[in-house]
Amino acid sequence: MKILDGKKLSQKIKEEVKKEVEELKKKGITPGLAVILVGNDPASHTYVSMKNKACKETGIYSVVHEFPESISEKELLSTIDMINENPNIHGLLIQLPLPKHIDTTKILERVSPNKDVDGFHPYNMGRLVEGLDTFAPCTPLGVMELFKEYNIDLKGKDVCVVGASNIVGKPMWALLVNAWATVDICHIETRDLAAHTKRADIVIVGVGKPNLITADMVKDGVIVVDIGINKVNGKIVGDVDFENVSKKASYITPVPGGVGPMTIAMLLKNTIKAAKKMLK
Ligand code: BQF
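The numbers attached to residues start from 1 for each chain and follow its sequence in the written order. In keeping with the model being predicted, local features are shown solely for residues with a pLDDT of at least 70 and side-chain atom pairs are shown and tallied solely at 80 or more, while totals for entire chains, interfaces and linings include all residues. Excluded from the side-chain calculation are hydrogens and water; included are all heavy atoms of the structure.

1. Remarks on the overall build of the protein chain
Put simply, the test is: Runs of H or I in DSSP of at least four residues are treated as helices and runs of E of at least two as strands, each being numbered from the N terminus. Using C-alpha atoms as the atom set, the radius of gyration is obtained and then compared with a globule rule of 2.2 Å times the number of residues to the power 0.38. Buried means the residue's accessible area, taken with a 1.4 Å probe over protein chains only, is under 20% of the maximum for its type, while exposed means over 50%, and partly exposed covers the values in between. The contact rule is simple, with two residues in contact once any of their heavy atoms fall within 4.5 Å. A 1.4 Å probe and the Shrake-Rupley method give the accessible areas. Residues count as covered only by the protein chains that appear here. By the counting rule applied here, Lys and Arg register as positive and Asp and Glu as negative, while His and the ends of each chain are not counted. Charge positions come from single atoms, namely NZ of Lys, CZ of Arg, CG of Asp or CD of Glu.
A count of helical and extended segments in the protein chain gives 10 helices and 11 strands. Against the 2.2 N^0.38 benchmark of 19 Å for 280 residues, the protein chain shows a C-alpha radius of gyration of 19 Å, consistent with a compact globule. Each of the three principal axes of the protein chain carries a C-alpha extent, and together these read 50 × 40 × 40 Å. The 280 residues of the protein chain split such that 49% are buried. Taking the intrachain contacts of the protein chain between residues at least 6 apart in sequence as the baseline, contacts between residues at least 24 apart amount to 70%. Carbon together with sulfur atoms contributes 53% to the accessible area of the protein chain, which is approximately 13,700 Å² in total. The positive charge centre, built from 37 side chains, and the negative charge centre, built from 34, are 4 Å apart in the protein chain.

Now the structure itself:
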C-alpha cells in the first residue's frame, strides 16, 4: 500500500507557485485573491484562514471581505460587482455555505467567469464538461494532480465516484471522463453502493459519512481517494475505514493530509492562471 501524499505534493506545488509569482511580479503583476466570508461558521473561518496563509506563503496578495450572517443579497451582489471591477484582484471566491436567506446560485453566477478561481460559475462548469480550457473546481482538480504525480493512468479505468455535489462529484466526473475513464456516480438514492464500489479500479468518495467505505466494499489493489472530512470524538477522519481498506488498497489518501491540502494548492494555481489572463 502506498500513501497518496497530498501534503507533500501541495508543498512542492507551493514552491512552483512561489516562483511563478516572482516571475509575474517582474512583469508588474502581483496576483491578487479576494475571499468573501459570510457568518460565523467555525469550519468556514478555518478554511479561509488556511487559504489566506497559503497566499501569504507564496507571495499572492489576498484580502478577506467578512460580513455578518445578516447581510442582504443585494449588498453581497454589489460587493462582487466591485471586486469584479478591481484590476488588482484576479481571483474571487465565495466561501460556502452561505446563509439560508441568500440564493447561492444567484451569488455564484455574479462572479466574473474570468475571476472564478473556484470554478463554480455555470459558464466554467459548461466549459469543463466540454473539455475546454477553464477554471476547474479545486478539490477534483487536486485529485487529478495526485493521479498525475503518482503516474496513475486513468484511460479505460473503472472509477466509482461517491457523492454527486456540484462542487466535488459532478466536476470530478467531468475531469475523469475527459481523461477517458469509465465513470460511475453514486449518491443518496443509489440502490446498492457496494455493487458499484466493488467493481471499481478507483473509488473516490466525498459525502461526509465516517466509515461509509469498508474493506468488504472494495477489490484487492483498489486505489482509494477520500475527500470526506468528519469530526469523530474530536478527531478528523474521512469517509473511508482507513485502517482496514488500506490493507487491500494499492494507493490510498490519508485524512488529514490527502486531498485537503491539494484543494488549497489548486486554489493558488487557479489564482496564478487568473492573473496570467492580464498578460494576454
Ligand atoms: C487537510 C471544505 C467542506 C465544505 C466546505 C487541508 C483543507 C482541509 C483539510 C481545506 C474544504 C475542505 C475547504 C486539509 C478547504 C478542504 O490537511 O486534510 C486543507 O482548507 N479545505 C473549503 O474551503 O470549504 C469546504 C469542505
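2. Thoughts on the pattern of salt bridges
Heads up, the condition is: A side-chain nitrogen of Lys or Arg and a carboxyl oxygen of Asp or Glu constitute a salt bridge if their distance falls within 4 Å.
On inspection of all chains with the given rule, the structure shows 10 salt bridges. Residues Glu57 and Lys14 are paired through a salt bridge, measuring 3.0 Å at the closest nitrogen-oxygen approach. Of this pair, Glu57 sits in helix H2 (residues 42-58) while Lys14 sits in helix H1 (residues 6-26), placing them 43 residues apart in sequence. Owing to a relative accessible area of 35%, Glu57 belongs among the partly exposed residues under this scheme.

3. What about the packing of helix H6 (residues 138-149) against helix H7 (residues 169-178)?
Heads up, the condition is: As a rule, the C-alpha atoms of each element are fitted with a line to give its axis, helices using only the stretch in contact, and angles between N-to-C directions run from 0 to 180 degrees. In a left-handed crossing the near helix is turned counterclockwise from the far helix by less than a right angle, and in a right-handed crossing that turn is clockwise. Each residue is assigned to one class: nonpolar for Ala, Val, Leu, Ile, Met, Phe, Trp, Tyr, Cys and Pro, charged for Asp, Glu, Lys and Arg, and polar for all the others, Gly among them.
The N-to-C vectors of H6 and H7 enclose an angle of 35°; their axes lie 9 Å apart at closest approach. Crossing geometry of H6 relative to H7 is assigned as right-handed. Two secondary-structure elements touch here, H6 through Pro140, Leu141, Val143, Met144 and Phe147 and H7 through Pro171, Met172, Leu175 and Leu176. A breakdown of the residues in the contact of H6 with H7 according to their chemical character gives nine nonpolar, no polar and no charged.

4. Quick word on the sheet that holds strand E1 (residues 2-3)
Test applied: A pair of strands is labelled paired if DSSP reports no fewer than 2 bridges between them.
What the six strands build is an open sheet, ordered E1-E11-E8-E7-E5-E6; its pairing is parallel. The two strands at the open ends of the sheet, each matched to only one other strand, are E1 and strand E6 (182-186). Pairing of strand E7 (residues 202-205) with strand E8 (residues 223-226), which is carried by four bridges, proceeds in the parallel orientation. What sits directly across from Val205, in E8, is Asp226. On the sheet, H7 packs against strand E5 (158-162), E6 and E7 and is oriented at approximately 170° with respect to E6.

5. A few points about the side chain of Thr139
Note the cut-off: Polar contact criterion, stated in full: a pair of N or O atoms within 3.5 Å, where within protein one must be able to donate a hydrogen and the other to accept it, and residues adjacent in sequence count only if both atoms are side-chain atoms.
Mapped onto the elements, Thr139 comes out in helix H6. Taking the relative accessible area as the measure of exposure, Thr139 reaches 13% and is therefore buried. Within polar-contact distance, the side chain of Thr139 engages the side chain of Thr263 at 3.0 Å. Residues contacting Thr139, with those up to four places away along its chain left out, are Val168, Ile227, Val259 and Thr263.

6. A short note on the pairing of E7
Burial along E7 is two-sided: the face carrying Ile202 and Ile204 and the face carrying Val203 and Val205 are both buried. Summarising the sheet, E5 and E7 pair through four bridges and their orientation is parallel. By the bridge assignment, Cys160 is partnered in E7 with Val203.

7. Quick notes on the sheet that holds strand E2 (residues 32-38)
Hydrogen bonds between backbone groups are what pair the strands of a sheet, and the pairing can be parallel or antiparallel. Spatial ordering of the open sheet is given by E3-E2-E4, a layout of three strands whose pairing is parallel. Looking at strand neighbours, the two that pair on one side only are strand E3 (61-67) and strand E4 (91-94), the edges of this open sheet. Direction aside, neighbouring strands of the sheet carry axes that sit 15° apart on average. For E2 and E4, the ladder comprises four bridges, and the chain directions are parallel. Following the sheet pairing, Val35 is matched in E4 by Leu93. Across the sheet, H2 is in contact with E2, E3 and E4; its angle to E3 comes to roughly 160°.

8. Examining the packing of aromatic side chains
Ring pairs (aromatic) are described by centroid distance and by the angle formed between their planes. Inclusion rule: Only the six-membered ring of Trp is used, alongside the rings of Phe and Tyr, when aromatic pairs are assigned; centres must lie within 6.5 Å, and planes under 30 degrees apart are stacked while those over 60 apart are edge-to-face, with the rest tilted.
Scanning all chains against the criterion turns up one aromatic pair. Note on Tyr150 and Tyr251: the rings are 6.1 Å apart at their centroids and 65° apart in plane angle, and the pair reads as edge-to-face. With Tyr150 in the loop between H6 and E5 and Tyr251 in strand E11 (residues 251-252), this pair connects stretches of sequence that are 101 residues apart. Using a relative accessible area of 17% as the deciding quantity, one classes Tyr251 as buried.

9. Some words on the pairing of E3
For clarity, the cut-off: If you view a crossover with the strands going away from you and the path from the first strand over the helix to the second runs clockwise, you call it right-handed.
Bridge analysis of E2 against E3 gives seven bridges, and the strand direction is parallel. Directly across from Leu37, in E3, lies its bridge partner Glu66. Regarding topology, H2 serves as the crossover connection from E2 to the parallel E3, and that connection is right-handed.

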